[in-house]
Structures are given as C-alpha cells and as structure tokens.
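Below are the chains, spelled out letter by letter.
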Amino acid sequence: MINQEIAKIFHEIAQYLEMEDVVFKPQAYEKASLNLEILPDDVEEIYKKGGIAALEKISGIGKALAKKIEEYLKTGKIKTLKELKKKTPVNIEELTAVEGLGVKRIKILYKKLGIKNLNGLEKAAKKHKIASLSGFGEKTENNILDGIKFLKRSKGRFLLGEILPNVYKIINELKKVKEVEKISEAGSIRRRKETIGDVDILIASPKPKKVIEHFVSMSGVVRIWGKGSTKASVRFKKEFDADLRVVPEKSFGSALQYFTGSKEHNIVLRKIAINKGLKLSEYGLFRGAKRIAGKTEEEIYKKLGLQWIPPEMRENQSEIETAKAHQLPKLIKLNNIKGDLHCHSHWGARLRQGFGGQAGKGKQGIENLIKTALEMGYEYVGISDHTKFLAIEHGLNEKQLTQQRKFIDKLNSRFMFHDSCFRILQGCEANIMADGSIDIKDEALAKLDFVIAGVHSQLKMSKERMTERIIKAMKNPNVDIISHITGRVIQQRDESEMDFDKILKVAKETGTILEINAHPSRLDLKDINIRKAKKMGVKMIINTDAHQPEQMYFIEYGVSQARRGWAEKKDIVNCLPVEKLLKMLK
DNA sequence: GCCGTTTTCGGCCCGACTGTTTTCAGTCG
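Residues numbered from 1 in each chain as written. Chains lettered and ligands numbered in written order. Predicted model: local features only at pLDDT ≥ 70, side-chain atom pairs only at ≥ 80, totals over all residues. Heavy atoms only, no water.

S.K.: Explain the side chain of H484 to me, please; I cannot follow it from the model alone.
M.R.: Among the secondary structure elements, H484 is positioned in the loop between β15 (481–482) and α22 (500–510). With sequence-adjacent residues up to four places away left out, H484 is seen in contact with E429, V455, H456, E515, N517, R522, D524 and D545. (Helix = DSSP H or I, 4+ residues; strand = E, 2+ residues; numbered from the N terminus. Contact = heavy atoms within 4.5 Å.)

S.K.: Looking at this structure, I do not really get the sheet that holds strand β7 (residues 241–247). What am I missing?
M.R.: Paired through backbone hydrogen bonds, the strands of a sheet run either parallel or antiparallel to each other. The strand order β2-β4-β7-β6-β5 describes an open sheet built from five strands, whose pairing is mixed. The strands lining the two open edges of the sheet, one partner per strand, are β2 (182–186) and β5 (221–227). In this sheet, neighbouring strand axes are inclined to one another by 20 degrees on average, regardless of whether the strands run parallel or antiparallel. Relative to β7, strand β4 (residues 199–204) is paired through six bridges, and the arrangement is parallel. Note that in β7 the partner of L202 across the bridge is R245. (Pairing = 2+ DSSP bridges. Axes fitted to C-alpha atoms, helices over the stretch in contact; angles between N-to-C directions.)

S.K.: Just to check I follow, could you spell out the protein's contact with DNA strand B for this structure?
M.R.: Residues in contact with DNA strand B amount to 41 residues; listed here are only the nearest, G60, G62, G137, Y258 and R270. For DNA strand B, the fraction of protein-proximal atoms (within 4 Å) that sit in sugar or phosphate groups is 76%. In this structure, G100 approaches DNA strand B through a main-chain N or O atom, which is 3.0 Å from a phosphate oxygen. Between DNA strand B and D198 there is a distance of 3.4 Å, counted from a phosphate oxygen to a side-chain nitrogen or oxygen. Elements that contribute at least two residues to the surface near DNA strand B include exactly α2 (25–37), α4 (63–75), α7 (103–113), α9 (138–154), β5 and α14 (263–275). Per-element accounting of the surface near DNA strand B gives the leading share, five residues, to α14. (Near = heavy atom within 4 Å. Polar contact = N/O pair within 3.5 Å; in protein donor to acceptor, adjacent residues only side chain to side chain.)

S.K.: Any chance you could explain the packing of aromatic side chains here in plain terms?
M.R.: Ring pairs (aromatic) are described by centroid distance and by the angle formed between their planes. By the definition in use, this model includes six aromatic pairs. On the basis of an interplanar angle of 85 degrees and a centroid distance of 6.5 Å, the ring pair of F158 and F240 is categorised as edge-to-face. Here F158, found in strand β1 (residues 158–159), pairs with F240, found in the loop between β6 (231–236) and β7; they are 82 residues apart in sequence, far enough to count as distant. Considered together, F158 and F240 belong to a single accessibility category, that of buried residues. With 5.0 Å between their ring centres and 80 degrees between their planes, Y258 and F259 make a pair best called edge-to-face. Given a relative accessible area of 28%, Y258 falls into the partly exposed group. One aromatic cluster is present, built from ring pairs that chain together F158, F236 and F240. Its guanidinium or amino end placed over the ring of W566, R531 lies 3.6 Å from that ring's centre, counting from NZ or CZ. (Phe/Tyr/Trp six-rings, centres within 6.5 Å; stacked < 30°, edge-to-face > 60°. Buried < 20%, exposed > 50% of the residue type's maximum accessible area, 1.4 Å probe, protein only. Lys NZ or Arg CZ within 6 Å of the ring centre and 35° of its normal.)

S.K.: What's the story with the pattern of salt bridges in this structure? I'm lost.
M.R.: When their charged atoms lie close together, side chains carrying opposite charge are able to pair. Scanning the entire structure with this criterion turns up 32 salt bridges. Salt-bridge contacts for K210 lead to E179; the nearest nitrogen and oxygen are separated by 3.8 Å. In this pair, K210 is assigned in helix α12 (residues 208–216) and E179 in the loop between α10 (160–175) and β2, connecting sequence segments 31 residues apart. Assessed through its relative accessible area of 47%, K210 is described here as partly exposed. Of the residues examined, E179 reaches a relative accessible area of 13% and is grouped as buried. Counted as one network, the salt bridges with shared partners bring together R191, E315, D527 and R564. (Salt bridge = Lys/Arg side-chain N within 4 Å of Asp/Glu carboxyl O.)

Printed below as a string of structure tokens:
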C-alpha cells in the first residue's frame, strides 16, 4: 500500500515539473513511480532492513528520491509536492483524466480562468470561456465537454472481463472484411491487464482506407474521434473507446510489438536496438535504411537476441533479462486446466425453497455445473457451497453437507455406469472466523474431498491479526485451499492488510494451496503475488468461484492473471488429473 | 534526477495526429 502512495506522489511531482517545463526530471520521477508501483516488496520493509542504501538499489531510485521516500516514511508527506502544489493548486489527477487535456493546458486554464477541478472546467466550457483562449478553440472546448461526459459515465477504466468479450466480437466482425489480412488485439488488452483504459486493435491490410471505413461504420459505434489514413478512434455504445491501426503486412509484427507495449518494455527494447546499431519502430527493425525484421514479433525479438516474450509478461519486470538468458518460463495455458474446484450450486437456497432431494437441479444446480464442466472439456468439477456462517448465502451446515454428499455420490455412480472418468468432487467454501477458526466441525470437513476456506467478514482488521487469522486457518489439517486471500474487489474494495510473505511461508510449510480467483473483479491472487508464491514454491489453483454455470468461463481471466504472474503448469494444481490432485491435498 | 560491457558526465524512445497556427506545441500511446 505504501508503495502505491509514494508512487502516486512521484507521479504527481512529475506532472508538476512537466508543467513548469523542467526537462528530464519528469521522466525520472515517472520512472521511479512506475517501478514503485510494481515493486513486489514493501519500501517500508526495505528501508527498515537496509536504510537509504537499500532504497537506492531499487531501479530508478537514486540519492535524491531515496531521501524523499525516507521523508515520506518518517513524516507522511513530501515537501516538494506541497511546494509545487502551492504554485498551481489544481486537482491534476482529475483534470488529466479528461481526454486531450495535459498539464500544459491545465496550467493555462488555471492561470487564465482559475480552473482547479472538473467542476470548474465544466462550468467554464459551458460558458464558452475556453474557446477564446489563445491555443484553444471551438473544437478543443467541445472535446473537453465530451471528455467530461465520458469520464462521469465510465469512470475511465473497465474490468478486463467486461471488455474482452466485446473485443472478440469486434475482431470477429472485422475478420469478415476481405481486405483484412491479419488482425489482433494489442495494448493492455493483449497483455491481459486486470483493468483496461481503451481497446487497441491492429490490422494488416493493403487497403487501409477501406478497412477504416468499415471500422467506423460498425454497429455499436456512436462517435468517431479521429479518422486518419492509417488509424481511427471510435467510441462504442457500451461506453468504451477503441483505436484501430492499419499497417502493411511487412510491418505487422513490429507494429504489434510496438502497440502491445508496455511502454516501459518498449523503451528497453529500443535501447537494446540502439546498442546494436539498429532502430526499432512500429514500422520495423532497421539497420540504417534497411528493414531487417518487421513481419512477425518473433523475428524482432530474435534479432534483438531475445526469446519471444508472451504479452502478459511485457511489463519490464526482468522479463527482458530472462529472455536474453533464454530462461523464460513456459507459461500455463487455458487448455492445461482440467477442472474447477470452486463452483457454487446454491444447494442451501434450493433446500430452503423446498426442493428437497431435487436440490441438485435447476439453473444453478449441480447438474448444470456438471453440464458446463463437460462442455469445457474438464475431467472434474468441485462443488463448494458456502457454509453455515454465511446465512445470507444459505450456507450449509454439517447435516446438509452429508445430504449433499449422498446426492453427489449418486451422480458419480451414474458416470461410472457410463464408463466415463468424469468426477464430481464435494468440497465447501468454509468461513474463516475472526479468530481463525472454521465455521464447520473438523469431523464434517474431514469427510469432504477438499476444503476451501475463505475470509468473508471483518475484512478490515489489523495487519497482525489478519495474518494470524489466516495462518491459523492454514494450520487446520482439513483446510486445503484458501480462497481470494486479500479480499479485494477491483475498483470497489481495497485489499485486507496482511503480511503476505509470512503467509507464504506457512502455506509452504503446511502444504496449503492458494487460490487464484478468476472472477474479473477479484483476480486474487493478483499478478505480483502469484510471482511471489511461485518463487516460494507455494502451489496455487485457478478457480472461478462461479455462482452460475456460465461464470465457469471466467477461468480464462484467472489463467491470464496466472500468466502475468509467470506461473507454469506445474505451479497450478488443477492442471493435474483428479487422482494426482487429490494426493496433493492434505 | 537517474544511469553506465562505449560514459561518473552527458545523455535521456519516438512517431502520429489534432487543432491551432502560419511553422508548431500539446497530447497520446
């Protein structure tokens, strides 16, 4: 958390310096900010262990910035920012979020019109005060108003899971255009980041004009932002923006590499090119005027002396060094997954509604979960309903778990009768109480095929208590898996505070598996925690936490997140066949 | 303000588009 706080301050300082036309310093602050944001270890811990010297070891942090981090740790603020803010007291975060508005214009708006925030900006634009400023005009003013409108409705970023299905649709439609030779998503979508600003699509075509015409007239397009000869930006009815770029086929690889990013990854790649006497751009890799690569990404990475790097890893988080040493991990793939152990059947709710022995049926019932699992080509599915503490979710008690067991046994014997190896496992998602105990008796837990335990209440306790709480649950010999460990809900709820390193240590000792929850708004463990767990040799499982059968398709997002955390097939236990999986459990 | 198998000083990624200009600054990715 503290890393994020300091990262935000450095980012803001960078913007203020940019505003004042300071050269080079802004980039330095920006770089430091980004590095802090993705730093796996807490700067406070680093500082405690090694002081200023240890801080300086962080990439992008030198003497001056290390001092500023120390200042923040000691006083809770950084004077430099305060002074800069005094000079131009505006809400930079809010204003820069408006498309087309950067710090230079924000400064002018403040000096000339006293605009400090979104509200002031909107008022001034509506009164047509902006169009008359030198450097601004009618169109700029209208764009600002549009930008504000968009911002108010969409809050700027979307969950990957909200956007990706739309992107697949757009791509499928564009594939039908006969001038389209190659097509791919690019940008943060291709890197499968958990949230997405806008959609980037890349096409190879000899007739860019025709492709662009088709793109801007697609169904669902409500506004056309920009339409050049090789690119276009549009807004879709669902309130997200999409950029299309069209390049010749010989540049498709270099353009795909370039537009996939991340920015930081690309900067390093370009530097490598320069050191080799080459130049890398979206048009290709060049020696002088001669194009030596560009058609595919593979040949570009190869000519730079690197393995091809999967998009999910391209965050300049040591993937380039690893690719140079030809030691990239073989990332897990969607079709490695053999089953999903976290599926809710709503058995309890249906019991209450008087379905009795029929509780396995119905839209959300066990039989439909099985049907979906078979559709997905799984070898097993795990039924893990909530337990009694979660009365609101109709959590099951010990007796109801026994009833459910009988029902599941019956279903399994039916599969055996048909000579199928498909297996239904019975588990539960038990509740970890505030003191770390489990809401279901050990004898009942022991009878299940597996036990998931998760925190569902009192998410805001102190770091120490939360850590102890989870550790106690992991030490329970019946608890096999901890679900959505930090409790975060992306863009809605912060992570609970805990000592993750300590938790990993105990997970390793006790053989407890950590869940990568695939729900688009959870993705918990997140990428950097997955990477930490992998390093520690802690096993993980990718589960969907499906509350409806169709949500079992969320598995794709969990796999993407696992790939962002460098996870391989061997790190993820539900890549195992059922017998081996059961042996992994406590 | 950071960084270094060309450097402890002198570099810092690069191109396209927009809207405003009358040759270019600002913004974006």
